[in-house]
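Summary of structural features
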Amino acid sequence: MKYMMFVCDDPQPDTDRENLPDIEGWVAENDARGRRLQGSALAPESAATTVRVRNGELILTDGPFTETKEMIVGFDLLECADLDEAIEVARTHPMAREGRLELRPFMEL
């Protein structure tokens with residue numbers, strides 16, 4: 001099952017700074033196991049463009065549309081047997097301690 005894992009920052013990271021996981025090691029392990037299909041960091045929210053169409057008119061807004069303290073800073077596309085495996089993959093990601101990870105399964109069409 002495929003999952004999109006949104007990697008977000010968080011204004012309240014883990015205060016335990018010991019044994020922080022290494023992102024290069026996490027990527028290498030999950031790529032080797034075939035659980036991480038793709039992933040990337042994203043440019044800062046200041047580079048974002050929000051696109052909407054209302055009453056046939058194109059509306060462009062610089063930056064993110066929502067006003068939040070947490071921002072999506074990257075993503076990983078995962079292939080896991082089930083949600084439990086996806087949670088285990090996310091649990092070991094460095095941003096599970098530094099930020100926040102959101103797992104969403106792809107809809108079966």
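Up top is the structure.
Our subject in this report is the structure included herewith. Residue indices follow the written sequence of each chain, beginning from 1 at its first position. pLDDT decides what is reported in this predicted model: residues at 70 or higher carry local features, side-chain atom pairs at 80 or more are listed and counted, and totals for whole chains, interfaces and linings draw on all residues regardless. Hydrogens and water molecules were not included; the side-chain quantities draw on all heavy atoms of the structure.

**Comments concerning the overall build of the chain**
Labels follow the DSSP assignment, with helices taken as runs of H or I lasting at least four residues and strands as runs of E lasting at least two, numbered in each case from the N terminus. Helix and strand counts for the chain stand at 3 helices and 6 strands. Ordering the α and β elements of the chain from the N terminus gives β-α-β-β-β-β-α-α-β. The C-alpha extent of the chain, read off along each of the three principal axes, is 50 × 40 × 20 Å. Contact definition: two residues touch when any of their heavy atoms are within 4.5 Å. Within the chain, contacts between residues separated by at least 24 positions form 75% of all contacts whose residues are at least 6 apart in sequence.

**Examining the pairing of strand 4 (residues 57-62)**
The buried label applies to any residue whose accessible area, calculated with a 1.4 Å probe on protein chains only, is under 20% of its type's maximum; exposed applies above 50%, and partly exposed to all values in between. Counting buried residues in strand 4 gives 0 out of 6 residues, a small share hidden from the surface. DSSP calls a pair of strands paired once it identifies at least 2 bridges connecting them. Here strand 3 (residues 49-54) pairs with strand 4 via 6 bridges, running antiparallel. For V53, the partnering residue across the bridge sits in strand 4 and is L58. The hairpin formed by strand 3 and strand 4 contains 2 residues between the paired strands, and N55 there has a positive phi angle of roughly 55 degrees.

**Some words on the nonpolar core**
What is meant by a nonpolar core is a set of buried Ala, Val, Leu, Ile, Met, Phe, Trp, Tyr and Cys residues, joined one to another through side-chain atoms within 4.5 Å. Counting residues in each nonpolar core, the largest one holds 11 residues, listed as Y3, M5, V7, W26, L78, C80, A86, V89, A90, M95 and L101. Put simply, the parts of the chain that give this core at least two residues each are strand 1 (2-9) and helix 2 (83-91). Aside from chain neighbours lying at most four places away, what touches Y3 is D76, L77, L78, C80, D82, L83, A86, R104, P105 and F106.

**Observations regarding helix 2**
Residues A86, V89 and A90 constitute the buried set of helix 2. All buried residues of helix 2 lie within an arc of 95 degrees about the axis, which places them on one face of the element. Exposed and oriented more than 90 degrees from the buried face of helix 2 are D84 and R91. At the N-terminal end of helix 2, a side-chain oxygen is found 3.2 Å from the backbone nitrogen of D84, two or three residues along, and the residue is D82. By construction, the arc corresponds to the directions joining the helix axis to the C-beta atoms. Any pair of nitrogen or oxygen atoms within 3.5 Å is treated as a polar contact; in protein, a donor-acceptor pairing is required on top of that, and neighbouring residues in sequence qualify only through side-chain atoms on both sides.

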